[in-house]
Amino acid sequence: MAPAAPRLVLGLLVLSLCCEACKKVIFRVPSELEADTLVGRVDLKECLQSAEFISTTDGNFKILEDGSVYTTSALSLSAEKKNFTILLKDIQEQVEKKIHVSLVEEEKKTKTQKTRHARDTVLKRTKRRWGPIPSVMIENSLGPFPLQIQQVQSDTAQNYTIYYSASGPGIDQDPKGLFYIERETGNIFATRAVDREQYPSFQIICFATTPDGYSPEVPLVHTIRIEDDNDNAPYFTQDLFEFCVPENSKPGVVVGQVTAEDRDEPYTLHTTLKYRIVSQNPPITPAFSLHGDTGVISVLLPQLDRELVPSYTLLVEVRDMAGQPFGLCTTGTVVVKIEDTNDNAPSFKQIQYETRVEENRVSVEILRVSVVDLDEPGSPGSGAVYEIIRGNDDQAFEITTDKNTNEGILCVVKGLDYESAKQRVLVIGVNNEAPYMLAPHSQQLSQSTCSVTVHVLDVDEGPVFKPCLLRLDVKECEDIGTAIGRYVAEDPETGNSEGIRYRIPPGQCNWINIDDKSGEVRTVKVLDRDIGEMRRGQCNITVLAIDRNNCAYLSPKGDIPFGIYDIPVSVMDNGGKVGESTVRVNFCDCVTPTECDGRSRQLSGGNVTLGLWAILAMILGSLLLLLILITICGCCGRGVMHRQVTDDCANHNLIISNTEAPGEEVMDHNIIPLQNTCDQGGYGVKTGDQQTFEVVKGRGHTLESVKGAGHQTLGSLKEGGGQTMMDTCRYSYSEWHNFTHPRLGEKVHLCRQDEEQKHSEDYLLSYNYEGKGSLAGSVGCCSDQHEEEALDFLDQLEPKFRTLAETCIKR
């Protein structure tokens, strides 16, 4: 039990030192220290639970994350005591603590201790060669193999023949054949290189026996440690690091931390890592910083604008050997996304809008307004919230947001009245769902607004009774037809009652009625409170006011098949009451309504039946075609008249008529000259498209088949040198008819009566043929006035007309 006491005291001493580690730690070390020598270990978590940054004030020492303190170079204690400080920092909590470390040189052994040790040596035998220190083999050794790494010997080999053997991992266990031991010498050899990351150490059991199998030594457990070689480059724990940071973050804000690992031996330079940023994309002003020891990424640029650069890609490097150039390195990728904040206020695309809506329309969309917002689409910073600032005192309008398009939907929720206001002007403002955050070095912006002019369209509204409820009092036993009052309605558009008809629906009180035009209410029975329904003393009557302009039109919507349709019709009055009815409509392709039978007309059996209207159209077309053919024939035909005249033919051509008055009466305006008369007989021949009339001297017949017009003659007679005169007359029937019809009717009307309201004597009298070439026009009441007034030509008549003048002289 005695040897255990010093160990317990030592354990209490170490525990006491660890508890006071945050204050002061003392390590006793030799005066000469080599590089990478373990000085001691400090409990860092007891001082600071989350230490992100660990450093020392003395560059000759380094401290690992587990608190182990190593020397970085060989040194000697110049004084009996050496002090330095370990710095611990928590960046997030902004906490920093210090641990003071003191190195004290070990005390030298006194003479008394040496004598006691010598005495112990003499009194006690030690087996130094049978218990050697652990062997060390360099990782990835290049040989030559087999490579001797250790020798074990028993002290009994001085007196006995000893054979050595071994077993365990690397000998007779996996990896088999890696080591072996010489039987006679006890030398341990390695047969090939070893990977420390796979086999960091081996523990083999060595045996020493005599040839007869006696074991003078207990089995020896020997440890072979594989010394690390920097053959593994560090690697990042993730292929891609992604972090987010709000835009406009202040410098120093932690974005994230990158971590890397190294498979080499911990707490050595082979696993001491350093981080740095190799490049940044986009290659602008560096926006982030990377802590070399911890891998913490922080904001460096004071202005991170998502609208300019939405994300950054960083190429980072980690290198072992504390970042020395000869260390192994690996690169990784870090993507930093800039989170959107509402630093851009929305603004309307247009400042002014115009729209139209019919009056009395309710729950109808009338306009969509849109805004421009540079913030991230779909985020609360870009989601628009619209509001009506002015012009909606009566709450007739409502505006909502379309989540898909971010547009503002303006709707009418209460009916508008055209007569009250023909247009409404609204002012609409817009904000975002998220509160506005002012970006650094920017000014506060005012709310964006726009104006909307709503034009109210007039519609034909139904008449309105004013007041809606009318009370009429009437005395009992009033006579039938007594007027008890008037109940009239007004048209909201005109403000009067013109054109409104009134009616009382059936099924109500039958002892009064209303005039359909004036709205006057009269009794139709003698009122008696003691009989029938009059016992109640009152009667509630609903009066209908009908506007003659209230019409509904039905039209097919799109291409629908023919057939019979039942169409529901809903009518709503200004009071909100709705009446529904069904209208049956026969939609067909028939010519007349009587032919509509609800089915489309189809041809059956290849037979076609003509209707009445089709037959009538064919008859009229045939008559029109016949009339056109007759007109063409009349245009192409010409009449030819032949006449033989001699110098003394006046007596044959002029016949004295007893009915013709001489002198001035011949010049009466009321005489009608019928210029189709002639002294000759005539005949007409119609051949082909021509109609020829021939006039022969001396026949004494009239040519009644020819219709003259005005004072024109059928033709002219050409004479010359006592030879036969030939006259060819060709007139189309259409020219003849068009000229004579209006003039003849006018002249007949004028010549019907004379000044004494008597018929003119020559009203229907005929004249003989007058000849050809006369300078005077036709005589009679139908002649033009200007010809009657110009009579000077009578003094210069040719010989053949003198006989005519003499005949007309009074005797």
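Residues numbered from 1 in each chain as written. Predicted model: local features only at pLDDT ≥ 70, side-chain atom pairs only at ≥ 80, totals over all residues. Heavy atoms only, no water.

Things to note about unusual backbone geometry
Residues apart from glycine generally show negative phi values, whereas peptide bonds are mostly found in trans.
Then, in step 1: Of note, the bond from G143 into P144 is cis; its omega dihedral lies within 30 degrees of zero at 10°.
Then, in step 2: Locating P144 in the fold gives a position in the loop between β10 (135-138) and β11 (147-151).
Then, in step 3: The phi angle at N360 is positive, at roughly 70°, despite the residue not being glycine.
Then, in step 4: A residue is classified by how much of its surface remains accessible, and N360, at 36% relative accessible area, is partly exposed.
Then, in step 5: A positive phi angle, close to 55°, is found at S363, a residue other than glycine.
Then, in step 6: Relative to the assigned elements, S363 resides in the loop between β27 (352-358) and β28 (364-369).
Then, in step 7: Take S363: its relative accessible area is 63%, and that puts it in the exposed class. (Helix = DSSP H or I, 4+ residues; strand = E, 2+ residues; numbered from the N terminus. Buried < 20%, exposed > 50% of the residue type's maximum accessible area, 1.4 Å probe, protein only.)

Topic: the pattern of salt bridges
Oppositely charged side chains are able to pair whenever their charged atoms sit close together.
Then, in step 1: One pass over the structure, following the stated rule, counts 17 salt bridges.
Then, in step 2: With its nearest N and O atoms 2.3 Å apart, the salt bridge here joins D293 to K274. Of this pair, D293 sits in the loop between β22 (288-290) and β23 (296-299) while K274 sits in strand β21 (residues 274-281), and the two are 19 residues apart along the sequence.
Then, in step 3: Its relative accessible area of 30% is what places K274 among the partly exposed residues.
Then, in step 4: Two residues, E490 and K466, come together in a salt bridge whose shortest N-O distance is 3.9 Å. In this pair, E490 sits in strand β37 (residues 489-490) while K466 sits in the loop between β35 (464-465) and β36 (483-486), placing the two residues 24 residues apart along the sequence. (Salt bridge = Lys/Arg side-chain N within 4 Å of Asp/Glu carboxyl O.)

Notes on the environment of L178
Then, in step 1: Note that L178 resides in the loop between β12 (163-167) and β13 (179-181).
Then, in step 2: Sequence-wise, L178 and P146 are 32 residues apart; in three dimensions their C-alpha atoms are separated by 9.6 Å.
Then, in step 3: L178 has contacts with G170, F189, A190, T191, R192, A193, V194 and F202, leaving out every residue within four places of it along the chain. (Contact = heavy atoms within 4.5 Å.)

Considering the sheet that holds β22
Then, in step 1: Strand order across the open sheet formed by three strands is β19-β23-β22, with antiparallel pairing between neighbours. Every other strand in the sheet has two partners, leaving β19 (254-257) and β22 as the edge strands with one partner each. Pairs of neighbouring strands in the sheet enclose a mean axial angle of 20°, with direction left out of account.
Then, in step 2: As paired elements, β22 and β23 share three bridges and run antiparallel to each other. Residue pairing across strands places L290 opposite I297, the latter belonging to β23. (Pairing = 2+ DSSP bridges. Axes fitted to C-alpha atoms, helices over the stretch in contact; angles between N-to-C directions.)

Things to note about the environment of S497
Then, in step 1: Within the secondary structure, S497 sits in the loop between β37 and β38 (500-503).
Then, in step 2: Residue classification places S497 among the partly exposed residues on the basis of a relative accessible area of 28%.
Then, in step 3: Along the sequence, S497 and D547 sit 50 residues apart, while their C-alpha atoms lie 9.4 Å from each other.
Then, in step 4: Residues contacting S497, with those up to four places away along its chain left out, are V488, A489, E490 and Y502.

Thoughts on the confidence of the model for the chain
Then, in step 1: Looking at the chain as a whole, the pLDDT averages 74, with 67% of positions reaching at least 70.
Then, in step 2: Between residues 1-21, whose pLDDT stays under 50, and residues either more than four places distant or in other chains, the model counts six contacts.
Then, in step 3: Counted against residues more than four places away or in other chains, residues 110-128, with its pLDDT under 50, gives seven contacts. (pLDDT = per-residue confidence, 0-100.)

Structural notes on a negative patch on the surface
Then, in step 1: On the surface, D417, E419, D458 and D460 cluster together into a patch of negative charge.
Then, in step 2: Relative to the helices and strands, D460 is located in the loop between β34 (449-457) and β35. (Patch = residues over 30% accessible without salt bridge, like charges linked within 9 Å, V, L, I, M, F, W, Y side chains within 5 Å. Areas by Shrake-Rupley, 256 points an atom, 1.4 Å probe, with all protein chains shown as cover. Lys, Arg positive; Asp, Glu negative; His and termini not counted. Charge placed at Lys NZ, Arg CZ, Asp CG, Glu CD.)

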